[in-house]
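Commentary on secondary and tertiary structure
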Amino acid sequence: MTQPSTIQVDIVSAEGEVFSGAATMVFAPASQGDIGVAPRHAPLLSMLKPGEVRVQTSDGQEQFFFVGGGAIEVQPHHVTVLADTALRAKDIDEAAALAAKQRAEEALKDRSGLITQAEALAELARAAAQLKVIARLRKIRS
Amino acid sequence: MPGTKEIRAKITSVKNTQKITRAMQMVATSKMRRAQERLRAARPYAEKMRAVIGNLTAANPDYRSPYLQRRTSVKSVGIIVVSTDRGLAGALNANVFKQTLLLIREWQGQGVAVKLCLVGAKGMAFFRRLDTAIVASVSHLGDRPHVKDLIGTVKVMLDAYRDGNIDRLFLVNAEFVNTMTQRPIVSQLLPLEPSEAGAPREHWDYIYEPEAAQILDALLIRYVESQVYRAAVENVAAEMAARMVAMKAATDNAGKLVEEMQLIYNKARQAAITKELAEIVGGASAV
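Below, the structure is looked at part by part. (Residues numbered from 1 in each chain as written. Chains lettered and ligands numbered in written order. Predicted model: local features only at pLDDT ≥ 70, side-chain atom pairs only at ≥ 80, totals over all residues.)

Some words on the overall build of chain B
Going by this rule: Labels follow the DSSP assignment, with helices taken as runs of H or I lasting at least four residues and strands as runs of E lasting at least two, numbered in each case from the N terminus. Counting other C-beta atoms within 10 Å of its own, a residue is labelled buried from 20 upward, exposed at 12 or fewer, and partly exposed in the gap between, with every C-beta atom placed from the backbone. What counts as a contact here is a pair of residues whose C-beta atoms, placed from the backbone, lie within 7 Å.
In terms of regular secondary structure, chain B is built from five helices and six strands. Secondary structure elements of chain B occur, N-terminal to C-terminal, as α-β-α-β-α-β-α-β-β-β-α. Dimensions of chain B, computed from the C-alpha atoms along their principal axes, are close to 115 × 40 × 30 Å. Counting all 287 residues of chain B, 37% fall into the buried class. By sequence separation, contacts in chain B at least 24 residues apart represent 79% of the contacts at least 6 residues apart.

Regarding the nonpolar core
So the rule is basically this: Structurally, a nonpolar core is described as a collection of buried Ala, Val, Leu, Ile, Met, Phe, Trp, Tyr and Cys residues joined by way of C-beta atoms within 7 Å. Each domain's extent was defined by an automatic or database domain assignment.
One finds Met157(B) and Ala232(B) to be the most contacted residues of the largest nonpolar core, which totals 103 residues. When residues of this core are assigned to their parent elements, the largest contribution, 20 residues, is made by helix H5 (residues 212-286) of chain B. Taken together, domain 1 (7-83) and domain 2 (90-141) of chain A each give at least three residues to this core, which thus spans both. Met157(B) has contacts with Gly78(B), Ile80(B), Cys117(B), Ala136(B) and Leu169(B), leaving out every residue within four places of it along the chain.

Topic: unusual backbone geometry
Of note, the amide linkage connecting Leu190(B) to Pro191(B) takes the cis form, showing an omega dihedral of -10°. By the element assignment, Pro191(B) lies in the loop between strand E5 (182-190) and strand E6 (207-209). At Arg40(A), a position not held by glycine, the phi torsion is positive, near 65°.

Considering the interface of chain A and chain B
Note the threshold: Gly is placed with the polar residues, together with every amino acid not listed as nonpolar (Ala, Val, Leu, Ile, Met, Phe, Trp, Tyr, Cys and Pro) or charged (Asp, Glu, Lys and Arg). Whether two strands pair comes down to DSSP finding at least two bridges between them.
With 34 residues of chain A at the contact, the number on the chain B side is 35 residues. When contributions to the side of chain A that touches chain B are tallied by element, the ones reaching two or more residues are strand E1 (7-13), strand E2 (16-30), strand E4 (44-48), strand E7 (70-75), strand E8 (78-83) and helix H1 (90-109) of chain A. With ten residues, H1(A) is the single largest residue contributor to the side of chain A that touches chain B. Classifying every residue of the side of chain A that touches chain B gives 19 nonpolar, eight polar and seven charged. Judged from the three bridges that link them, E4(A) and E6(B) form a sheet pairing that is parallel. Residue pairing across strands places Leu45(A) opposite Tyr208(B), the latter belonging to E6(B).

Quick notes on the environment of Tyr206(B)
Checked against the element boundaries, Tyr206(B) lands in the loop between E5 and E6. Taking the number of C-beta atoms within 10 Å as the measure of exposure, Tyr206(B) has 20 and is therefore buried. Between the alpha carbons of Tyr206(B) and Leu56(B) there is a distance of 8.4 Å; along the sequence they are 150 residues apart. Once you skip the residues sitting within four places of it in the chain, Tyr206(B) turns out to touch Pro43(A), Leu44(A), Leu45(A) and Ala59(B).

Next up, the structure:
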């Protein structure tokens, strides 16, 4: 907002901030086709395709950022790119969800594999105690 | 009194253990710092996301996203429990599980079914012994969790919510208060509480590509994912802090043990010398 000829750009992802600074122009791969955003652009909200976000800084240099998708919010003096860190597609997400379900089922089924050391030790102590009792009973009987 | 050799062997063994616990303490300290940094790095995204979602809902009062709608009758709730993969972290996991059990009992007491989604191996080991339904799980995210690894797990719960299989979604994880304090925290993920309903701004609306409803839902999904990611990272920070404190206590205890044994060792050695001297003196006087 300091200079009317630049626009504040923030590129953030869930795992960290990627870029923050002033720009004269921003290009982004919007879902309906690439867009260029100049200062005082009309408010716009769009999803992004995987691709490249290009930022032209005020000193005439260009910076490139790869985004795996996400969303872009444009306000007259502010552009926010909410970048995905992972490539998203309906079937990829679907497969990941299925895998998460399967993991839960498998872990529930597999009673032996996931026993922790503490559990194993507790089991061992119990078995040792039982053996002791049996030995004592035998002694009494004989 | 045990022989000096045995005591010496024991001292060496305790000292070795102490070396390990001290190393683990230092590793946990540096990992904790890194986790804290990642926690800080995740904040701008969530804040920006919240702002955009706030703008969107303010601009579109007529579209009611299923993720924002409060359902009056609750038949089933989902809980995402974040735990660690490894132990030796004090009571961290136990506290999280206790809090979760309270939550489960509270809902079950009202006749509401509970579905669990577990992040972390310790959670799986604990909750599979209970008869609560576990619908999804992910473990071994490592010290650097990635959003990518959480998407599928969260999607199971989001889909269940959208399809009406659960009516609320909660998140339980260990909150990193500071190095000495970590406590379990329960937060509601869905329905999303609308952010501060500020005064309606001057009327303006976005140009949408594609439709507003589609964008809003896509953003809400990402927002929930980012919250689970934040919880996973915060849990790592809490885990490392708890391990650091636990290992420091172990190191200190080992030090005390060594000190005590050193004293016994000195006494035993002195006793042996005295005995030997007495024998020599006794032998000399006999001659």
